[in-house]
Amino acid sequence: MNPRLHVEMNRALDVLIDDETVRVIILTGAGESFSPGNDLKEFFAEQMQSPLKFRRASLQFAEWREKLRSCPKPTIAAVNGWCLGGGLSVLCVCDFAIAAEEAKFGLPEINFGMFPAGGATKGPLELMSHRDVIDLALTGRNMDSAEAERLRLINRRVPRARLMDECLALANELKKKDPLALMIAKEALWRDKELDFRAAIDFEAGKMRELNFLQEGKWVQDGIRRFLDKQYKPSETSFTQVSDKKG
């Protein structure tokens, strides 16, 4: 990732988040990498000579990564290849991660005398055990997608030829759900990680009332009513996939 990419990603996410026709966002890389991290020459070596420029680029990176984390729409990381350092922090804020079997993951910063900063430590710690993150951060070793799947860094791995098909299938399944319910569910899930149990329960109650307001009671009027009318089974499908008998 070079400094220009951070500016472009902020602009792109602003457009995608505001576009109501966009229901799911899939993030992937080009060539052999999902993201090899920040460009060591452009981002570090050259910009460190200009502290304010380096700070601005760092803030732009943090800004678009937070947009991705708090995005009201489901996000899927399609990990097509190398995912290292800052790239790993991007992977960790996506809601889902599906990786090609050839993908490699790591925190190589220790190998050039640094440590994984700017979210590259915090992100993996949200998903993996402390010991496993310590292993990656202090050794700088890489792990393959089989290990990443075992450690729950990713949801699953698939042959690279099927990667986008798998991600699109997941996106199409998510598109069948109520978008407001997805938005509120994401907000609750992320915030609950920061709260103790009793505070989380209160927060969830407030978000439930907010969802009811935004939907104008649709989850009861349509979701529950259609279940009571035996039009669908919530354990098998979404009420949004059922046409209204009165329609």
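Scoring rules and cut-offs
- Residues numbered from 1 in each chain as written.
- Predicted model: local features only at pLDDT ≥ 70, side-chain atom pairs only at ≥ 80, totals over all residues.
- Heavy atoms only, no water.
- Helix = DSSP H or I, 4+ residues; strand = E, 2+ residues; numbered from the N terminus.
- Buried < 20%, exposed > 50% of the residue type's maximum accessible area, 1.4 Å probe, protein only.
- Polar contact = N/O pair within 3.5 Å; in protein donor to acceptor, adjacent residues only side chain to side chain.
- Core = buried A, V, L, I, M, F, W, Y, C linked by side-chain atoms within 4.5 Å.
- Patch = residues over 30% accessible without salt bridge, like charges linked within 9 Å, V, L, I, M, F, W, Y side chains within 5 Å.
- Areas by Shrake-Rupley, 256 points an atom, 1.4 Å probe, with all protein chains shown as cover.
- Salt bridge = Lys/Arg side-chain N within 4 Å of Asp/Glu carboxyl O.
- Phe/Tyr/Trp six-rings, centres within 6.5 Å; stacked < 30°, edge-to-face > 60°.
- Lys NZ or Arg CZ within 6 Å of the ring centre and 35° of its normal.
- Lys, Arg positive; Asp, Glu negative; His and termini not counted.
- Contact = heavy atoms within 4.5 Å.
- Pairing = 2+ DSSP bridges.
- Axes fitted to C-alpha atoms, helices over the stretch in contact; angles between N-to-C directions.

### Brief notes about the environment of Ser58
So, point 1. Tracing the chain through its elements places Ser58 in helix α3 (residues 51–69).
So, point 2. With relative accessibility at 24%, the residue Ser58 sits in the partly exposed group.
So, point 3. Separated by 155 residues in the primary sequence, Ser58 and Phe213 place their C-alpha atoms 38 Å from one another.
So, point 4. A polar contact is formed between the side chain of Ser58 and the backbone oxygen of Phe54, at a distance of 2.9 Å.

### Thoughts on the nonpolar core
So, point 1. The biggest cluster of nonpolar side chains holds 35 residues, and the ones touching the most others in it are Val79, Leu91, Phe105 and Leu153.
So, point 2. Secondary structure elements with two or more residues in this core: α1 (3–18), β1 (25–28), α3, β3 (75–79), α4 (86–93), β5 (96–100) and α6 (130–139).
So, point 3. The element that contributes the greatest number of residues to this core is α4, accounting for five residues.

### Focus on a nonpolar patch on the surface
So, point 1. Where nonpolar side chains cluster on the molecular surface, the patch consists of Met208, Trp219, Val220, Ile224, Phe227 and Leu228 and spans about 560 Å² of accessible area.
So, point 2. Within the secondary structure layout, Val220 lies in helix α11 (residues 218–228).
So, point 3. Val220 gets classed as partly exposed once you look at its relative accessible area, which sits at 38%.

### Overview of the environment of Lys53
So, point 1. Along the polypeptide, Lys53 turns up in helix α3.
So, point 2. Measuring from C-alpha to C-alpha, the distance between Lys53 and Arg131 comes to 35 Å, with 78 residues separating the pair along the chain.

### Re the packing of aromatic side chains
So, point 1. Under the counting rule described, the total for this entry stands at one aromatic pair.
So, point 2. Looking at Arg65, its charged tip hangs above the ring of Phe61, at a distance of 4.4 Å from the centre.
So, point 3. Geometry around Trp190 places Arg69 over its ring, the cationic atom sitting 5.1 Å from the centre.

### Some remarks on the side chain of Glu109
So, point 1. You can see Glu109 is positioned in the loop between β6 (104–106) and α5 (122–127).
So, point 2. Although Glu109 is buried, it forms no salt bridge, and the closest oppositely charged side chain is Arg65 at an N-O distance of 9.1 Å.
So, point 3. Dropping the residues within four chain positions of it, Glu109 is found in contact with Gly85, Gly86, Met114, Phe115, Pro116 and Ala120.

### With respect to the sheet that holds strand β8 (residues 156–158)
So, point 1. Taken in spatial order, the four strands make up an open sheet running β1-β3-β5-β8, and their pairing is parallel. One side of each edge strand has no neighbouring strand; the edge strands of this open sheet are β1 and β8. Averaged over neighbouring strand pairs, the angle between their axes works out to 25 degrees when direction is ignored.
So, point 2. Bridge count between β3 and β5: four bridges; the pairing is parallel.

By themselves, these are just geometric observations and shouldn't be taken as functional.
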